[in-house]
Amino acid sequence: LDEARIKPISGSDIIVGNILGGFATGLAKGLLVAGLLWAMALWLDLPLPFHPANLGAYLLYLLPGSIVFNCIGTVVGTWFRKPDHIAQSMTIIVTPLLYLGGLFFPIQAFPPHVQALLEPLPTTALFEGGRQALLAGTLNPVYLASVWAMAAVAFALAVW
């Protein structure tokens with residue numbers, strides 16, 4: 001961060017560079033893992049759980065999700081000076097949002113009264129919307145608007 005501060009570029013340029021670099025790295029890793037899983041599925045004669053045409057819809061959730069988490073990481077990294085504090089904040093805030101937002105399983109696995117509490121979480125729109133896009137090829141307009149709004153807010157906070 002100190003090296004970025006002395007460069008003659010704006011804060012938004014730094015954040016955009018971080019977002020694009022992080023997204024490109026994550027996309028490359030994801031494509032590598034997906035390619036290996038696809039090859040294994042073909043080798044074992046297993047059906048794919050999604051149609052490859054759904055990847056475009058999934059990308060509409062993946063990009064703002066990358067923006068949100070990259071920008072939140074930037075904000076946390078600039079607010080907290082010690083690496084221990086950064087790790088603790090991620091453990092306390094982000095980990096519950098990942099599990100409760102439906103990253104590893106749909107929120108429909110929870111009882112209905114708990115689902116009502118989980119629906120407003122920001123990660124729910126990202127993970128549930130992404131799951132619907134990838135598996136069914138459908139776009140939920142409420143979830144899509146929510147994740148792009150989260151990305152805009154996170155970007156504004158990171159630039160600030």
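Residues numbered from 1 in each chain as written. Predicted model: local features only at pLDDT ≥ 70, side-chain atom pairs only at ≥ 80, totals over all residues. Heavy atoms only, no water.

Enquirer: Account for the overall build of the protein chain, naming residues and giving values.
Expert: Of the regular secondary structure elements, the protein chain holds seven helices and zero strands. Secondary structure elements in the protein chain, listed N-terminal to C-terminal, are α-α-α-α-α-α-α. Counting the 160 residues in the protein chain, one finds 26% classified as buried. Sequence separation of 24 or more characterises 69% of the internal contacts of the protein chain that already satisfy a separation of 6 or more. For the protein chain, the accessible area works out to roughly 10300 Å², and carbon and sulfur atoms hold 74% of it. Taking the average location of the 6 positive side-chain charges in the protein chain and that of its 7 negative ones, the two points are 10 Å from each other. (Helix = DSSP H or I, 4+ residues; strand = E, 2+ residues; numbered from the N terminus. Buried < 20%, exposed > 50% of the residue type's maximum accessible area, 1.4 Å probe, protein only. Contact = heavy atoms within 4.5 Å. Areas by Shrake-Rupley, 256 points an atom, 1.4 Å probe, with all protein chains shown as cover. Lys, Arg positive; Asp, Glu negative; His and termini not counted. Charge placed at Lys NZ, Arg CZ, Asp CG, Glu CD.)

Enquirer: Quick one: what's the story with helix H3 (residues 55-79), residue by residue and with numbers?
Expert: Between its first and last C-alpha, H3 extends 35 Å over 25 residues, near the 36 Å set by a 1.5 Å rise per residue. Of all the residues in H3, the buried ones are Ala57, Tyr61, Pro64, Gly65, Ser66, Ile67, Val68, Asn70, Cys71, Thr74, Val75 and Val76. (Expected span 1.5 Å × (residues − 1).)

Enquirer: Give me the lowdown on the nonpolar core, citing residues and values where you can.
Expert: Counting 19 residues, the largest nonpolar core has Tyr61, Cys71 and Val147 as the members making the most contacts within it. Broken down by element, this core gets its largest block of residues, seven residues, from helix H7 (residues 141-159). (Core = buried A, V, L, I, M, F, W, Y, C linked by side-chain atoms within 4.5 Å.)

Enquirer: Could you give an account of the packing of H3 against H7, naming the residues involved and the relevant values?
Expert: If you want to describe how two helices pack, look at the angle between their axes and the distance between the axes. Where H3 meets H7, the axes come as close as 8 Å, and the angle between the chain directions of the two elements is 30°. Between H3 and H7, the angle is such that the two are roughly parallel. As H3 packs across H7, the resulting crossing turns out to be left-handed. Along the contact surface, H3 presents Leu60, Tyr61, Leu63, Pro64, Ile67, Val68, Cys71, Thr74 and Val75, while H7 presents Tyr143, Leu144, Val147, Trp148, Met150, Ala151, Ala154, Phe155, Leu157 and Ala158. Broken down by class, the residue content of the contact of H3 with H7 amounts to 18 nonpolar, one polar and no charged. (Axes fitted to C-alpha atoms, helices over the stretch in contact; angles between N-to-C directions. Parallel < 35°, antiparallel > 145°, perpendicular 65-115°, else oblique. Left-handed = near helix turned anticlockwise from the far one by under 90°. Nonpolar A, V, L, I, M, F, W, Y, C, P; charged D, E, K, R; others polar.)

Enquirer: Lay out the confidence of the model for the protein chain in plain terms, naming residues and giving numbers.
Expert: Any residue range with low pLDDT should be treated as having predicted coordinates unsuitable for detailed reading. Residues at a pLDDT of 70 or more form 96% of the protein chain, whose mean pLDDT is 82. The weakest mean pLDDT in the protein chain belongs to helix H1 (residues 2-5) at 62; the strongest belongs to H7 at 89. (pLDDT = per-residue confidence, 0-100.)

Enquirer: Before we move on, can you summarise unusual backbone geometry with the specific residues and values?
Expert: In this structure, Asp45 takes a positive phi of about 60° despite not being glycine. Take Asp45: it is sitting in the loop between helix H2 (11-43) and H3.

Enquirer: Pulling in residues and values, what's your account of the side chain of Ser66?
Expert: Mapped onto the fold, Ser66 is located in helix H3. Take Ser66: its relative accessible area is 18%, and that puts it in the buried class. In this view, Ser66 contacts Ile19 and Phe23; residues no more than four positions away in its chain are not counted.

Enquirer: Now, about the pattern of salt bridges: what can you tell me, with residues and values included?
Expert: On inspection of all chains with the given rule, the structure shows one salt bridge. We note a salt bridge from Glu128 to Arg131, for which the minimum N-O separation is 2.8 Å. Taken together, the residues span about one helical turn, with Glu128 and Arg131 both in helix H6 (residues 122-136) at a distance of three residues. Residue Arg131 is classed as partly exposed on the basis of its relative accessible area, which comes to 21%. (Salt bridge = Lys/Arg side-chain N within 4 Å of Asp/Glu carboxyl O.)

Enquirer: A description of the packing of aromatic side chains should follow, citing residues and the corresponding values.
Expert: Applying the stated rule across the entire model yields one aromatic pair. With a centroid separation of 5.6 Å and an interplanar angle of 55°, the aromatic rings of Phe105 and Phe110 are classed as tilted. (Phe/Tyr/Trp six-rings, centres within 6.5 Å; stacked < 30°, edge-to-face > 60°.)

Enquirer: Report on H6, specifying residues and quantitative values.
Expert: The terminal C-alpha atoms of H6 lie 21 Å apart, and with 15 residues this matches the ideal 21 Å at 1.5 Å per residue to within 8%. Within H6, the full set of buried residues consists of Thr123, Thr124, Ala125, Leu126, Phe127, Glu128, Gly129, Gly130, Ala133 and Leu134. Here the buried face of H6 lies against H3, helix H4 (83-100), helix H5 (112-118) and H7. Directly after H6, the chain includes Gly137, whose backbone phi takes a positive value near 75°.

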